[in-house]
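Understanding the architecture of this molecule
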Amino acid sequence: MIYAPARVCYFIHSALYVLCMLLTAALGLTDEQKEFQKVAFDFAANEMAPHMAEWDQKEIFPVETMRKAAQLGFGGIYVQPDVGGSGLSRLDTSVIFEALSTGCVSTTAYISIHNMCAWMIDTFGSKENREKFCPDLCSMKTFASYCLTEPGQFIFLSLLLDCMPFISGGGDTDIYVVMCRTGGRGPKGISCLVVEKGTPGLSFGKKEKKVGWNSQPTRAVIFEDCAVPVNNRLGEEGQGFNIAMKGLNGGRINTASCFLGAAHASVQLARDHLLVRKQFGETLSNSQFLQFKLAEMATRLVASRLLVREAATALQENRPDAVSLCSMAKLFATDECFNICNQALQMHGGYGYLKDYAVQQFVRDRVHQILEGTNEVMRMIISRDLLTES
Amino acid sequence: TMSGRVIVGVKRVIDYAVKVILFCCCNRPIYVLIFYPVVTHLTLCLLANVSQLTPGDCCTRETIRTALAMGADRGIHVEVTGKDYETLGPLQISKILAALAKKEDAQLVILGKQAIDDDCNQTGQMTAALLDWPQGTFASEVTLEGDKIKVVREIDGGLETIKINTPAVVTADLRLNTPRYATLPNIMKAKKKKIASMKPADLGVDLTSRLEVLSVEEPPQRQAGVKVETVADLVAKLKELGRI
């Protein structure tokens, strides 16, 4: 028999409460950021997670769901409000993408690419370009792709001749933000252009068959004598390299954030599985090895998250260490998160290998270690920064 | 469309999915929000009806902010403390709501039909009685028709449709609506929306409880069953236990 005072009080079992707090990823956030995160988590759980497997297996580009996300403000998260964006910070953005990714990494990653393109036009575009392109991008009436490749071809001003492989969204999107060579050798010869679908000379390669990221189509984007109006240039001629570098910093945080969400979801799946699955007469959660493994996974997840959020803050504040931090965050978080997702799959035993279980999709979506600059390139950037005499 | 104020009550309770252990004397219960469906096309004014006032108590204000982010225009936080908070029940809440409805000159009060912590299903009805207003409870559909409201109610026998005059009290059933997502811009606008604080005394409400809780106990542990071999054994056992 348990006595209680006039009003019954409830207390959540302390261990459960603490674990939930760690896994809510809300620690250290402002009230407002917690609200953003809550909306993103809810949207991910209700609108994305139930379809994640189907989108992957049938290679569906979920236009309607993304437009629903855009209605909530996710189409131009760090684009300025005067052209339809939400005007939030890089940290807010990281929190949002991390939460959305728990519903579908591939779709969220595409949304982050779309956001980056919208931001580029917003930040570097002329008044006309901002007003022409940004509102529709923010509402996702139109979709964008980003084309950055090894500049190798000499081309004439405004006539593009190039083939860019592996463009996310390529062929299905409406706007292509392209970095291309318009001048001499070296970075100063690169400019940034906006090419609209339907421009004569713009065509696409075959849709690639990928291991993961299947809810977004990937095609080569081909320019052959493609005439682009000079007005569609973002920034000055020769400013392209500069714009691309700035874009990459944010892109790296976004990429890292998306994979954080995958790891977050994987840890939760693994934890739930350990509590349910019995072997040798008891639940897997009683195995000390698995307890320790889970602890390591959670620790590395939190460490990754902190680094990514710090990098986001550094970028927002334009700190001198922002570039290095973004590279470090991308390197560390994507490598750690892949290991976390992989471990989570292992903990599921044979079930982890079945497509009925979500954890394998998080593992297959591991391209985050490769794009936005491979993790090997991240090491180049960081070591160069360390070894340069300032 | 209707012009006029709508008051929506919000209660913060423990999530149904949480495992709860009874513990005594906890001053800071940890709550998770349950949302009530919100009628979409009316101007809303929001009320939070319970709170324990502790310095820096963010929980209730957080709830109100979330609701403001979902589209409410303004928040009202009625602060109840100490013994009054301990004995707060539907009767006291409905007195507060009735006073607020009069003060705000509301045309409509929308509440949930039944909270998932106490399962009372009383506040809406009591509020309507105190105000002498018509009530449309267990609403799964609400339509404005001029200065009347058509309410489709979910009742045991099926669906009942009634038409009531305004001002009125409506309590929401599950199928009335799907809660909308807060949008990012609305979350930011919510920061600037006002939350007024007041005490029950400001509304002239007496919160004395008519109930005294004598004890709270867990139900008895389920006992193991007994297996018997034959029907004769069963009958004998039942007689032995005095069941027949």
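Residues numbered from 1 in each chain as written. Chains lettered and ligands numbered in written order. Predicted model: local features only at pLDDT ≥ 70, side-chain atom pairs only at ≥ 80, totals over all residues. Heavy atoms only, no water.

1. What about the overall build of chain B?
Counted only if it meets this: Helix and strand definitions here come from DSSP, where helices need a minimum of 4 consecutive H or I residues and strands a minimum of 2 consecutive E residues; each element is numbered from the N-terminal end. Working definition: with a 1.4 Å probe on protein chains only, accessible area under 20% of the residue-type maximum means buried, over 50% means exposed, and in between means partly exposed. For this analysis, residues touch if any pair of their heavy atoms sits within 4.5 Å. Under the convention used here, a 1.4 Å probe and the Shrake-Rupley method define accessible areas, while residue burial counts only the protein chains that appear.
When its secondary structure is counted, chain B shows 6 helices and 12 strands. Counting over 244 residues, chain B shows a buried share of 43%. In chain B, of all internal contacts separated by at least 6 residues, the share reaching a separation of at least 24 is 72%. If you sum the accessible surface of chain B, you get close to 13700 Å²; carbon and sulfur atoms cover 53% of it.

2. Topic: the packing of helix α5 (residues 90-101) of chain A against helix α6 (residues 105-124) of chain A
Residues and elements named next belong to chain A. Cut-off, in case you're wondering: Axes here mean lines fitted to C-alpha atoms, for a helix over just the part in contact, with angles spanning 0 to 180 degrees between N-to-C directions. Here is the rule for angles: anything less than 35 degrees is roughly parallel, anything more than 145 is roughly antiparallel, 65 through 115 is roughly perpendicular, and the remaining ranges are oblique.
The interhelical angle for the contact between α5 and α6, taken along N-to-C directions, is 155°, at an axis separation of 8 Å. By the angle between their directions, the pair α5 and α6 is classed as roughly antiparallel. Residue-level contacts link Arg90, Phe97, Leu100 and Ser101 of α5 to Val105, Thr108, Ile111, Ser112, Asn115 and Trp119 of α6.

3. Comments concerning the UniProt feature "domain: Acyl-CoA dehydrogenase/oxidase N-terminal" (unreviewed entry) in chain A
Quick note on the threshold: UniProt positions are given in the numbering used here, feature names are shortened, and annotations may be inferred rather than shown by experiment.
The positions UniProt marks with the feature "domain: Acyl-CoA dehydrogenase/oxidase N-terminal" (unreviewed entry) are residues 30-140 of chain A. Helix makes up 70% of residues 30-140 of chain A and strand 0%, with an end-to-end C-alpha separation of 28 Å.

4. What to know about a nonpolar patch on the surface
Residues and elements named next belong to chain B. Applied cut-off: The patches described consist of residues with a relative accessible area above 30% and no salt bridge, like charges being joined within 9 Å and nonpolar side chains (Val, Leu, Ile, Met, Phe, Trp, Tyr) within 5 Å. Whenever Lys or Arg places a side-chain nitrogen within 4 Å of a carboxyl oxygen from Asp or Glu, that contact is recorded as a salt bridge.
On the surface, Val226, Val228, Val231, Leu234, Val235, Leu238 and Ile244 cluster together into a nonpolar patch covering about 590 Å² of accessible area. Counting through the fold element by element, Val228 comes out in the loop between β12 (195-198) and α6 (231-240). For Val228, a relative accessible area of 33% puts it in the partly exposed group.

5. Focus: the sheet that holds strand β2 (residues 144-147) of chain A
All names here are of chain A. Short version of the rule: Pairing between two strands is assigned when DSSP locates at least 2 bridges connecting them.
Taken in spatial order, the 4 strands line up as β2-β4-β5-β8 in an open sheet, and their pairing is mixed. Whereas interior strands pair on both sides, the edge strands pair on one side only; in this sheet they are β2 and β8 (233-234). Strands β2, β4 (175-181), β5 (190-196) and β8 of the sheet are contacted by α6, whose axis makes an angle of about 80° with β2. Contacting β2, β4, β5 and β8, helix α7 (residues 127-138) crosses the sheet at an angle of about 60° to β5.

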